[in-house]
Each structure stands twice: as C-alpha cells, then as structure tokens.
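The lines below spell out each chain.
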Amino acid sequence: TKYFFRNREIMRCTNCKTKFIPKYFNQKFCLETDECIKAFSTFAKAAQSKKNAKESRDKTKAMKEGLLTITHYKTILQTPINHIIRLIDEGVPCIATGAIIGKRNAGHYISRGSNDTIRFHLDNIFIQSEHSNSFKGGDTIRFQDGLKQMYGIGYFEYVETLRTIKPIKLSISQIKEKNIIAKNIVKELKAANMIYDAERRMELRNYYNNELGIY
C-alpha cells in the first residue's frame, strides 16, 4: 500500500507491515529488523531465480529455433493450412469415398512427395477420410472422380494445372509470416462457423490463397 506525505512516497513493509520511507525505487521491505532483512533476502533470491529461469527458457527456445530446418517450419505451417481446409469442408463427405463418418484428414490431391511446391495450395487439399488418405496411397483415381463429381470437370482440370507451378522457395521468415496469416484465417473461419456449398468452397479457397500470398 502506498501513502503520500509532503510529496514523498511512503511504503508499507511487505514483511512487518510498518510504514517507512524507501531509500530506493520500489523498495518493498523496511530493512529495519533482522526478520525484514531475511525476508528481503528470500524475496530477492526468488526474484533472481525466476529471472534466471526465464532467461534459460528464452535461450533454449532461441537455440531450438536456430536448430529447426526449413523442412520443420514447413511442417509447422502445414498444420493451420490443413485446419483451414477442415473448416472450409466442414460437413462435406470424403472427396474420394463419399464417406462422412470416421477420422478425416486434409488430403493432398497432388502429393507433397511428388510436388512439395504446392503443398500449401488450398485448391490441392480436400477433406478425405484417413483410411482413403493414409492406407490407399492417396486413393488417386477415386480422388479424381470425386473432384469431377463435386466441383465439375473445369475445376478438376484447373487443379491439374497446379502441377505446372514453378518451384517456390520460401525463407524461414516468410514461412513464419504465412503461419501467422494462416492462423488468423483459422480464427476467421471458426468465428463464421458455417457449412458451405461447393461453389462457395471454391470461392473461399481462391480468396484465402490470395490472403496467404504464397502462389
């Protein structure tokens, strides 16, 4: 508790609760008794320990970030990108099997292994059952059929053209920037909390691709 008298700040000792005039800024203990000196010493050691722990955590974090490769950062960015797809395709059946039940993934039509450049392109990712995505090698033929039936031949042909996008080299700082944008898009879609028809899903993919600014 602070009191003011003749423009001089008066403090109440944290330990013994008596009022005193501090000799230095933010002095919390009066230091008039052995008990208060001991209490101050304990307080100071705890504060220093807390400061050291924070510095250690910050240093460890910086070291870890320094050790992360661009591949690691791409994997980090893939998480909110996939989340965007799940929110756009909420309530939509598996693109390959038409199934609605079971665990659902954000499945890449053109696999990351065959073309890493378009791994973040929202027109290359669709809701897909885990069984179809993980245990059927991507389920390519049925994936193609699903794209044609759900979005039309024209859109399917457009998705095929993504293979011709020239390699894009993003720096770590650029990937970090895109990660922030992607997370904000996730928040926006969560707040909207809507089910979209096929036409609107295509529009949203186009809109958010532009927002991300990767392609």
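About the thresholds
- Residues numbered from 1 in each chain as written.
- Predicted model: local features only at pLDDT ≥ 70, side-chain atom pairs only at ≥ 80, totals over all residues.
- Heavy atoms only, no water.
- Patch = residues over 30% accessible without salt bridge, like charges linked within 9 Å, V, L, I, M, F, W, Y side chains within 5 Å.
- Areas by Shrake-Rupley, 256 points an atom, 1.4 Å probe, with all protein chains shown as cover.
- Salt bridge = Lys/Arg side-chain N within 4 Å of Asp/Glu carboxyl O.
- Helix = DSSP H or I, 4+ residues; strand = E, 2+ residues; numbered from the N terminus.
- Buried < 20%, exposed > 50% of the residue type's maximum accessible area, 1.4 Å probe, protein only.
- Axes fitted to C-alpha atoms, helices over the stretch in contact; angles between N-to-C directions.
- Parallel < 35°, antiparallel > 145°, perpendicular 65-115°, else oblique.
- Left-handed = near helix turned anticlockwise from the far one by under 90°.
- Contact = heavy atoms within 4.5 Å.
- Core = buried A, V, L, I, M, F, W, Y, C linked by side-chain atoms within 4.5 Å.
- Phe/Tyr/Trp six-rings, centres within 6.5 Å; stacked < 30°, edge-to-face > 60°.
- Lys NZ or Arg CZ within 6 Å of the ring centre and 35° of its normal.
- pLDDT = per-residue confidence, 0-100.
- Polar contact = N/O pair within 3.5 Å; in protein donor to acceptor, adjacent residues only side chain to side chain.
- Nonpolar A, V, L, I, M, F, W, Y, C, P; charged D, E, K, R; others polar.

## Observations concerning a nonpolar patch on the surface
On the surface, a cluster of nonpolar side chains totalling about 240 Å² of accessible area is made up of Tyr24, Leu31 and Ile37. Take Leu31: it is sitting in the loop between strand E3 (19–20) and helix H1 (34–67). A relative accessible area of 30% places Leu31 in the partly exposed class.

## Looking at the pattern of salt bridges
Counted according to the given criterion, the structure contains eight salt bridges. A salt bridge links Glu160 to Arg163, with the shortest nitrogen-to-oxygen separation between them at 2.9 Å. In the salt-bridge network here, residues are joined through shared partners; they are Lys74, Asp116 and Arg119.

## Comments concerning the packing of helix H2 (residues 70–88) against helix H6 (residues 172–192)
For the pair H2 and H6, the least separation of the axes is 9 Å and the interaxial angle reads 20 degrees. Relative to H6, the element H2 is oriented roughly parallel. Where H2 crosses over H6, the two elements pack in a sense that is left-handed. Note on element contacts: H6 touches H2 through Ile172, Ile175, Lys176, Lys178, Asn179, Ala182, Lys183, Ile185, Val186, Leu189 and Lys190, opposite Ile70, Tyr73, Lys74, Ile76, Leu77, Pro80, Ile81, His83, Ile84, Leu87 and Ile88.

## Description of the nonpolar core
Membership of the largest hydrophobic core comes to 22 residues, with the highest contact counts inside it found for Leu77, Ile81, Ile84, Leu122, Leu189, Tyr208 and Leu212. Contributing elements (two or more residues each) for this core: H2, H6 and helix H7 (198–212). No other element matches H2, which puts seven residues into this core. Residues within four places of Tyr208 in sequence aside, it is in contact with Ile88, Leu122, Ile185, Glu188 and Leu189. The next biggest cluster of nonpolar side chains, apart from the first, holds 14 residues, and it includes Ala96, Ile110, Tyr151 and Phe156.

## Considerations on the packing of aromatic side chains
The tally for this structure, following the rule as stated, stands at ten aromatic pairs. Here Phe126 and Tyr151 contribute two aromatic rings whose centre-to-centre distance is 5.7 Å and whose plane-to-plane angle is 50 degrees, an arrangement assigned as tilted. With a gap of 25 residues between them, Phe126 in strand E5 (residues 125–129) and Tyr151 in helix H4 (residues 140–151) connect regions that are remote in the sequence. With 5.1 Å between their ring centres and 75 degrees between their planes, Tyr207 and Tyr208 make a pair best called edge-to-face. Overall, the relative accessible area of 42% leaves Tyr207 in the partly exposed class. Connected via pairs of aromatic rings, a cluster forms that spans Tyr109, Phe126, Phe143, Tyr151, Tyr155, Phe156 and Tyr158. A cation over a ring is seen here: Lys148 above Phe156, with NZ or CZ 4.7 Å from the ring centre.

## A few points about the confidence of the model for the protein
Taken as a whole, the protein shows an average pLDDT of 90; of its residues, 93% reach a score of 70 or greater. Across the protein, the secondary-structure element scoring lowest on mean pLDDT is strand E1 (residues 2–5), at 44, and the one scoring highest is H7, at 98. Across residues 1–7 the pLDDT falls below 50, and counting only partners more than four positions away or on other chains, this stretch makes 13 contacts in the model.

## Some remarks on the side chain of Thr117
Mapped onto the elements of the fold, Thr117 is located in the loop between strand E4 (104–108) and E5. Overall, the relative accessible area of 15% leaves Thr117 in the buried class. Those residues in contact with Thr117 that sit more than four places away from it in its chain are Ile165, Lys166, Pro167, Ile168 and Tyr215.

## As for the environment of Asp116
Structurally, Asp116 is set in the loop between E4 and E5. For Asp116, a relative accessible area of 29% gives the class partly exposed. Of the polar contacts made by the side chain of Asp116, one reaches the side chain of Lys74; its length is 2.8 Å. Within the structure, the side chain of Asp116 is placed 3.0 Å from the side chain of Arg119, a separation counted as a polar contact.

## Things to note about the packing of H4 against helix H5 (residues 153–161)
Across the interface, H4 lies against H5 with an axial gap of 7 Å and an inter-helix angle of 135 degrees. Classified by the angle their axes make, H4 and H5 are oblique. For the pair H4 and H5, contact is made by Gln144, Leu147, Lys148 and Tyr151 and by Ile153, Tyr155, Phe156, Val159 and Glu160, respectively. Tallied by class, residues from the contact of H4 with H5 come to six nonpolar, one polar and two charged.

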